[in-house]
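Examining the three-dimensional arrangement
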Amino acid sequence: MAPPAIIAPSILSADFAKLGEECSRTIAQGADWLHVDIMDGHFVPNITFGAPVVTMIRPHVDGPEQHFGKGTFDCHMMIAEPRRDVGLQDEPRDLIRYIHEQGMLAGIAIKPSTKVDVLWDVLESPHEKERPDMVLVMTVEPGFGGQKFMASELPKVEELRRRYPNLNIEVDGGLGPGTIDQAADAGANVIVAGSAVFGSEDPAQAIKLLREAVEKRR
Ligand code: DX5
Ligand code: ZN
């Protein structure tokens, strides 16, 4: 059985002028995690925010009681040099090890132009500390909220789910009432949604709908 549904609204679509309040409200409306899109204007054309903003919003949401628990900040690092400050080589497994050593979980993301095959090596790493805890399959080109869902990316999710029945597999981009069923059918269990939650008249209902679509298939 696939792991439980995790709904992670993307605060990229929140009102940045009152971000703390938006974060606590969204958790109260039933979100499990908050998806925090960090963009540097190089890896992607957009610029959002960095560590100081994450530090400022953290007190607005109770931290998780266990790994992957409610209140997790799912930091999606769309930055060209994630290793710059820690002096690491260009190897995902080094960075994953480093993130684990800091007491965090580590995910690895692939964008539409990246083949799923690049992940097998790192997922099969003989050292547990070098293996990612989650894979994010982007279902839009990273950079902006509100883009059209790319169903062309779903075979990557299917392949991952076939090989790894217990892995947390996240999808991000264009998820909402019209696309969640396809993503859930493919095997995704961690659902990012920006505009579908923050743009909804009833965010609690939007979160519930996403969760039910995933849970129905478990
Ligand atoms: C895009 C970001 C997404 C974005 C999704 O680069 O990674 O997290 O916020 O927004 P929606 O759900 O509106 O497509
Ligand atoms: Zn994202």
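Per chain, the residues get numbers from 1 upward, laid out in the order the sequence is written. Here every chain gets a letter starting at A, and every ligand a number starting at 1, in the order they are written. In keeping with the model being predicted, local features are shown solely for residues with a pLDDT of at least 70 and side-chain atom pairs are shown and tallied solely at 80 or more, while totals for entire chains, interfaces and linings include all residues. Only hydrogens and water are removed before side-chain values are computed, so all heavy atoms of the structure are retained for them.

Named according to an unreviewed UniProt entry, the chain is Ribulose-phosphate 3-epimerase originating from Parascedosporium putredinis. The heading Pathway (unreviewed entry) in the UniProt record of the chain holds the text "Carbohydrate degradation; pentose phosphate pathway; D-xylulose 5-phosphate from D-ribulose 5-phosphate (non-oxidative stage): step 1/1." UniProt positions are given in the numbering used here, feature names are shortened, and annotations may be inferred rather than shown by experiment. Database annotation for the chain, UniProt heading Sequence similarities (unreviewed entry): "Belongs to the ribulose-phosphate 3-epimerase family."

Focus on the overall build of the chain
Across its full length, the chain holds 8 helices and 7 strands. Over its C-alpha trace the chain gives a radius of gyration of 16 Å, about what one expects of a compact globule, namely 17 Å for 218 residues. Projected onto the principal axes, the alpha-carbon positions of the chain cover approximately 45 × 40 × 35 Å. We call two residues in contact whenever any of their non-hydrogen atoms come within 4.5 Å of each other. Once local pairs closer than 6 in sequence are excluded, the contacts in the chain between residues at least 24 apart make up 69%. All accessible-area figures derive from a Shrake-Rupley calculation using a 1.4 Å probe, and residue coverage is judged against the displayed protein chains alone. Carbon and sulfur atoms make up 51% of the accessible area of the chain, which amounts to about 10900 Å² in all. Positive: Lys, Arg. Negative: Asp, Glu. His and the chain ends are not part of the count. Just so you know, the charge point we use is NZ for Lys, CZ for Arg, CG for Asp and CD for Glu. Treating the 22 positive side-chain charges of the chain as one cloud and the 33 negative ones as another, the clouds have centres 3 Å apart. Secondary structure counts use DSSP, requiring at least four H or I residues in a row for a helix and at least two E residues in a row for a strand, with both numbered from the N terminus. Taken over C-alpha atoms, the radius of gyration is set against a globule rule of 2.2 Å times the number of residues to the power 0.38.

With respect to the environment of methionine 134
For methionine 134, the position within the fold is in strand S5 (residues 134-138). Between the C-alpha atom of methionine 134 and that of glutamate 170, which follows or precedes it by 36 residues, the distance is 7.2 Å.

Some thoughts on the site of ligand 1
Any residue with a heavy atom positioned within 4 Å of a molecule or strand is treated as near that molecule or strand. Every one of the 20 residues lining ligand 1 counts as a neighbour, but Asp37, Gly143, Asp172, Gly194 and Ser195 are closest to it. Contacts described as polar in this section are N or O atom pairs within 3.5 Å, which, within protein, must combine one atom able to donate a hydrogen with one able to accept it, while residues neighboring in sequence count only if both atoms come from side chains. Contacts to ligand 1 include aspartate 172, whose side-chain N or O atom sits 2.7 Å from an oxygen atom. Between an oxygen atom of ligand 1 and a main-chain N or O atom of glycine 174, the distance comes to 2.8 Å. When ligand 1 sits alone it has 380 Å² of accessible area, and the protein chains cover 100% of it.

Some points on empty space enclosed by the protein
Using only the protein atoms, space was sampled on a 1 Å grid; points where a 1.4 Å probe fits but cannot get out form cavities, open sets with protein on both sides within 12 Å along at least five of seven lines form pockets, and lining residues are those with an atom within 4 Å of a point. Grid points are joined across faces, edges and corners, and a volume is the space filled by probe spheres set on the points. Considering all chains together, one arrives at 1 cavity of 30 Å³ or more under this definition. Considered as a void within the structure, the largest cavity measures approximately 210 Å³ in volume. Every element with two or more residues in the lining of the largest cavity is listed here: strand S2 (33-39), strand S3 (72-78) and strand S7 (190-193). A per-element tally of the lining of the largest cavity places S2 first, with 3 residues. Each residue is assigned to one class: nonpolar for Ala, Val, Leu, Ile, Met, Phe, Trp, Tyr, Cys and Pro, charged for Asp, Glu, Lys and Arg, and polar for all the others, Gly among them. Looking at the lining of the largest cavity, its residues break down into 10 nonpolar, 12 polar and 2 charged.

Digging into the coordination of the zinc ion (ligand 2)
Note that water is not among the atoms used; donors are N, O and S atoms within 2.8 Å of the metal (3.2 Å for Na, K and Ca), so sites may look incomplete. Protein coordination of the zinc ion (ligand 2) is provided by His35 (NE2), Asp37 (OD), His76 (ND1) and Asp172 (OD), with donor distances spanning 2.1 to 2.2 Å. Read in sequence order, the donor residues coordinating the zinc ion (ligand 2) give the pattern H-x1-D-x38-H-x95-D. Taken as a pair, aspartate 37 in strand S2 and aspartate 172 in strand S6 (residues 168-172) lie far apart in primary sequence, 135 residues in all. Aspartate 172 matches aspartate 37 in its accessibility class, with the two residues each being buried. The rule is simple: take the accessible area with a 1.4 Å probe, protein chains only, and divide by the maximum for that residue type; under 20% is buried, over 50% is exposed, in between is partly exposed.

Some thoughts on the state of the cysteines
Our working definition of a disulfide is a cysteine sulfur pair at a distance within 2.5 Å. Taken as a whole and assessed by the stated rule, the structure comprises 0 disulfides. The structure places no disulfide on cysteine 23, whose sulfur is separated from the nearest cysteine sulfur, that of cysteine 75, by 11 Å. Residue cysteine 23 is classed as buried on the basis of its relative accessible area of 0%. Residue cysteine 75 is classed as partly exposed on the basis of its relative accessible area of 33%.

Quick notes on the layout of surface pockets
Quantified by volume, the second largest pocket comes out at close to 180 Å³. Lining of the second largest pocket is provided by His100, Leu123, Glu128, Arg131, Pro132, Asp133, Tyr164 and Leu167. Residues of the lining of the second largest pocket, tallied by class, amount to 4 nonpolar, 1 polar and 3 charged.

A closer look at unusual backbone geometry
Of note in this structure, phenylalanine 68 is not a glycine but carries a positive phi near 70°. Mapped onto the elements, phenylalanine 68 comes out in the loop between helix H2 (51-57) and S3.

Thoughts on helix H1 (residues 19-28)
Along H1, the residues classified as buried are Leu19, Gly20, Glu22, Cys23, Thr26 and Ile27. Down the axis of H1, the buried set is contained in an arc of 165°. They therefore lie on one face. Exposed side of H1, more than 90 degrees from the buried face: Glu21 and Ala28 are the residues found there. Looking at the buried positions of H1, the neighbouring elements they touch are strand S1 (6-9), S2, H2, helix H7 (195-198) and helix H8 (203-215). Note on H1: the residue one or two positions beyond its end, glycine 30, has a positive phi of about 115°. Working note: the arc is built from the helix axis to C-beta atom directions.

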